[in-house]
Amino acid sequence: MEYVYAALILNESGEEINEDNLTNVLDAAGVDVEESRVKALVAALEDVDIDEAVSEAAAVPAGGAAAGGAAGGEAAADEADEADEAEETSDVPDTTDEDDDEDDEADGEGLGELFG
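Residues numbered from 1 in each chain as written. Predicted model: local features only at pLDDT ≥ 70, side-chain atom pairs only at ≥ 80, totals over all residues. Heavy atoms only, no water.

Visitor: Could you give me a rundown of the overall build of the chain, with the residues and numbers involved?
Guide: Counting its regular elements, the chain contains six helices and zero strands. Its helices and strands in sequence order give the chain the pattern α-α-α-α-α-α, from N to C terminus. In the chain, buried positions account for 9% of the 116 residues. Considering only contacts in the chain between residues 6 or more positions apart, those separated by 24 or more positions represent 43%. By element, 49% of the accessible surface of the chain is carried by carbon and sulfur atoms, the whole surface being about 9100 Å². (Helix = DSSP H or I, 4+ residues; strand = E, 2+ residues; numbered from the N terminus. Buried < 20%, exposed > 50% of the residue type's maximum accessible area, 1.4 Å probe, protein only. Contact = heavy atoms within 4.5 Å. Areas by Shrake-Rupley, 256 points an atom, 1.4 Å probe, with all protein chains shown as cover.)

Visitor: Could you give an account of the environment of Val-31, naming the residues involved and the relevant values?
Guide: Inspection of the secondary structure puts Val-31 in the loop between α2 (19–28) and α3 (35–44). Taking the C-alpha atoms as reference, Val-31 lies 9.0 Å from Tyr-3; in sequence the two are 28 residues apart. Setting aside residues no more than four positions away along its own chain, Val-31 makes contact with Glu-2 and Leu-26.

Visitor: Describe the environment of Leu-41, naming the residues involved and giving the relevant values.
Guide: Within the secondary structure, Leu-41 sits in helix α3. C-alpha of Leu-41 to C-alpha of Glu-19: the two residues are 22 residues apart in sequence and 8.8 Å apart in space. Excluding residues that lie within four positions of it along the chain, Leu-41 makes contacts with Tyr-3, Val-4, Ala-7 and Leu-22.

Visitor: Give me the packing of helix α1 (residues 2–13) against α3: which residues, what numbers.
Guide: Two numbers describe how α1 lies on α3: the axes approach to 11 Å, and their chain directions differ by 50°. Taken as axis vectors, α1 and α3 run oblique relative to one another. Helix-helix and strand crossings are classified by hand; for α1 and α3 the assignment is right-handed. Contacts from Glu-2, Tyr-3, Val-4 and Ala-7 in α1 reach Arg-37, Val-38 and Leu-41 in α3. (Axes fitted to C-alpha atoms, helices over the stretch in contact; angles between N-to-C directions. Parallel < 35°, antiparallel > 145°, perpendicular 65-115°, else oblique. Left-handed = near helix turned anticlockwise from the far one by under 90°.)

Visitor: Residue-level account of a negative patch on the surface, with values.
Guide: Together, Glu-12, Asp-49, Asp-51, Glu-52 and Glu-56 make up a region of like negative charge exposed at the surface. With three residues, helix α4 (residues 50–59) is the largest single contributor of residues to the negative patch. (Patch = residues over 30% accessible without salt bridge, like charges linked within 9 Å, V, L, I, M, F, W, Y side chains within 5 Å. Salt bridge = Lys/Arg side-chain N within 4 Å of Asp/Glu carboxyl O. Lys, Arg positive; Asp, Glu negative; His and termini not counted. Charge placed at Lys NZ, Arg CZ, Asp CG, Glu CD.)

Visitor: Which residues make up the nonpolar core, and what values go with them?
Guide: Within the largest apolar cluster, 10 residues are counted, these being Tyr-3, Ala-6, Ala-7, Leu-10, Leu-22, Leu-26, Val-31, Val-38, Leu-41 and Val-42. Listing elements by their share of this core, those giving two or more residues are α1, α2 and α3. Here this core gets four residues from one element, more than from any other, and that element is α1. (Core = buried A, V, L, I, M, F, W, Y, C linked by side-chain atoms within 4.5 Å.)

Visitor: For the packing of α1 against α2, give the residues involved together with the corresponding values.
Guide: Interaxial distance between α1 and α2 falls to 9 Å at its minimum, and their mutual angle equals 115°. The angle between α1 and α2 places the two elements in the roughly perpendicular class. Crossing geometry of α1 relative to α2 is assigned as right-handed. Within the contact between the two elements, α1 uses Glu-2, Tyr-3, Ala-6, Ala-7, Ile-9 and Leu-10 and α2 uses Asn-21, Leu-22, Val-25 and Leu-26. Considering only residue class, the contact of α1 with α2 consists of eight nonpolar, one polar and one charged. (Nonpolar A, V, L, I, M, F, W, Y, C, P; charged D, E, K, R; others polar.)

This is how it looks when you write it as C-alpha coordinates:
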(Lines give C-alpha, C1' and ligand atoms only; values in the text may rest on other atoms or scores of the structure.)
Protein backbone atom coordinates (compact mmCIF):
# COMPACT_ATOMS: atom_id res chain seq x y z
CA MET A 1 0.00 0.00 0.00
CA GLU A 2 2.85 2.37 0.69
CA TYR A 3 3.71 2.33 -3.03
CA VAL A 4 0.21 3.47 -3.91
CA TYR A 5 0.31 6.12 -1.19
CA ALA A 6 3.61 7.41 -2.57
CA ALA A 7 2.02 7.67 -6.03
CA LEU A 8 -0.94 9.55 -4.53
CA ILE A 9 1.45 11.96 -2.79
CA LEU A 10 3.25 12.62 -6.07
CA ASN A 11 -0.05 13.16 -7.86
CA GLU A 12 -1.34 15.52 -5.17
CA SER A 13 1.86 17.57 -5.24
CA GLY A 14 1.75 17.82 -9.04
CA GLU A 15 4.95 15.82 -9.54
CA GLU A 16 5.38 13.31 -12.34
CA ILE A 17 4.86 9.71 -11.29
CA ASN A 18 8.04 8.06 -12.49
CA GLU A 19 10.46 5.52 -11.04
CA ASP A 20 12.89 8.09 -9.63
CA ASN A 21 10.23 10.22 -7.92
CA LEU A 22 8.40 7.21 -6.54
CA THR A 23 11.65 5.72 -5.21
CA ASN A 24 12.60 9.04 -3.58
CA VAL A 25 9.25 9.30 -1.78
CA LEU A 26 9.46 5.70 -0.57
CA ASP A 27 13.08 6.19 0.59
CA ALA A 28 12.06 9.33 2.47
CA ALA A 29 9.34 7.32 4.22
CA GLY A 30 11.85 4.66 5.26
CA VAL A 31 10.41 1.93 3.03
CA ASP A 32 12.66 -0.82 1.66
CA VAL A 33 12.13 -0.17 -2.04
CA GLU A 34 11.75 -3.06 -4.49
CA GLU A 35 12.55 -1.83 -7.99
CA SER A 36 10.24 -4.39 -9.60
CA ARG A 37 7.27 -3.10 -7.64
CA VAL A 38 8.13 0.49 -8.50
CA LYS A 39 8.38 -0.35 -12.20
CA ALA A 40 5.12 -2.30 -12.12
CA LEU A 41 3.24 0.53 -10.42
CA VAL A 42 4.60 3.20 -12.75
CA ALA A 43 3.64 1.06 -15.75
CA ALA A 44 0.16 0.38 -14.32
CA LEU A 45 -0.48 4.08 -13.69
CA GLU A 46 0.85 5.24 -17.04
CA ASP A 47 -2.57 5.80 -18.67
CA VAL A 48 -4.61 6.34 -15.52
CA ASP A 49 -6.16 9.67 -14.51
CA ILE A 50 -5.63 9.35 -10.77
CA ASP A 51 -7.87 12.30 -9.85
CA GLU A 52 -10.75 10.76 -11.79
CA ALA A 53 -10.14 7.31 -10.29
CA VAL A 54 -10.09 8.74 -6.76
CA SER A 55 -13.31 10.71 -7.29
CA GLU A 56 -15.05 7.62 -8.70
CA ALA A 57 -13.85 5.51 -5.79
CA ALA A 58 -15.10 8.11 -3.32
CA ALA A 59 -18.55 8.01 -4.93
CA VAL A 60 -18.93 4.25 -4.32
CA PRO A 61 -19.95 3.26 -0.77
CA ALA A 62 -17.67 0.93 1.15
CA GLY A 63 -17.96 -2.64 -0.03
CA GLY A 64 -19.25 -1.63 -3.45
CA ALA A 65 -22.86 -1.80 -2.30
CA ALA A 66 -24.03 0.53 -5.04
CA ALA A 67 -22.56 -1.58 -7.79
CA GLY A 68 -23.84 -4.80 -6.28
CA GLY A 69 -27.23 -3.30 -5.60
CA ALA A 70 -27.59 -1.97 -9.11
CA ALA A 71 -26.42 -5.14 -10.80
CA GLY A 72 -28.23 -7.66 -8.67
CA GLY A 73 -31.02 -5.67 -7.10
CA GLU A 74 -33.83 -7.36 -8.99
CA ALA A 75 -32.41 -10.84 -8.42
CA ALA A 76 -31.97 -10.10 -4.72
CA ALA A 77 -35.55 -8.87 -4.47
CA ASP A 78 -36.80 -12.05 -6.15
CA GLU A 79 -34.79 -14.20 -3.75
CA ALA A 80 -36.15 -12.23 -0.79
CA ASP A 81 -39.71 -12.77 -2.02
CA GLU A 82 -39.07 -16.50 -2.40
CA ALA A 83 -37.60 -16.64 1.10
CA ASP A 84 -40.66 -14.87 2.52
CA GLU A 85 -42.98 -17.32 0.76
CA ALA A 86 -40.97 -20.28 2.03
CA GLU A 87 -41.05 -18.86 5.54
CA GLU A 88 -44.83 -18.43 5.45
CA THR A 89 -45.46 -21.99 4.31
CA SER A 90 -42.84 -23.66 6.47
CA ASP A 91 -43.88 -26.73 8.48
CA VAL A 92 -41.11 -26.12 11.00
CA PRO A 93 -42.51 -24.92 14.33
CA ASP A 94 -41.46 -21.51 15.61
CA THR A 95 -38.91 -22.08 18.38
CA THR A 96 -38.08 -18.45 19.10
CA ASP A 97 -38.17 -17.49 22.75
CA GLU A 98 -40.42 -14.58 23.63
CA ASP A 99 -38.14 -13.61 26.55
CA ASP A 100 -34.96 -12.59 24.76
CA ASP A 101 -33.61 -10.42 27.62
CA GLU A 102 -31.74 -13.31 29.25
CA ASP A 103 -30.31 -14.40 25.89
CA ASP A 104 -29.13 -10.86 25.13
CA GLU A 105 -27.31 -10.65 28.46
CA ALA A 106 -25.65 -14.01 27.88
CA ASP A 107 -24.59 -12.94 24.38
CA GLY A 108 -23.07 -9.77 25.77
CA GLU A 109 -21.06 -11.67 28.35
CA GLY A 110 -19.66 -13.94 25.65
CA LEU A 111 -18.61 -10.98 23.54
CA GLY A 112 -17.04 -9.32 26.55
CA GLU A 113 -14.91 -12.36 27.14
CA LEU A 114 -13.98 -12.52 23.48
CA PHE A 115 -12.93 -8.90 23.13
CA GLY A 116 -11.75 -8.35 26.72
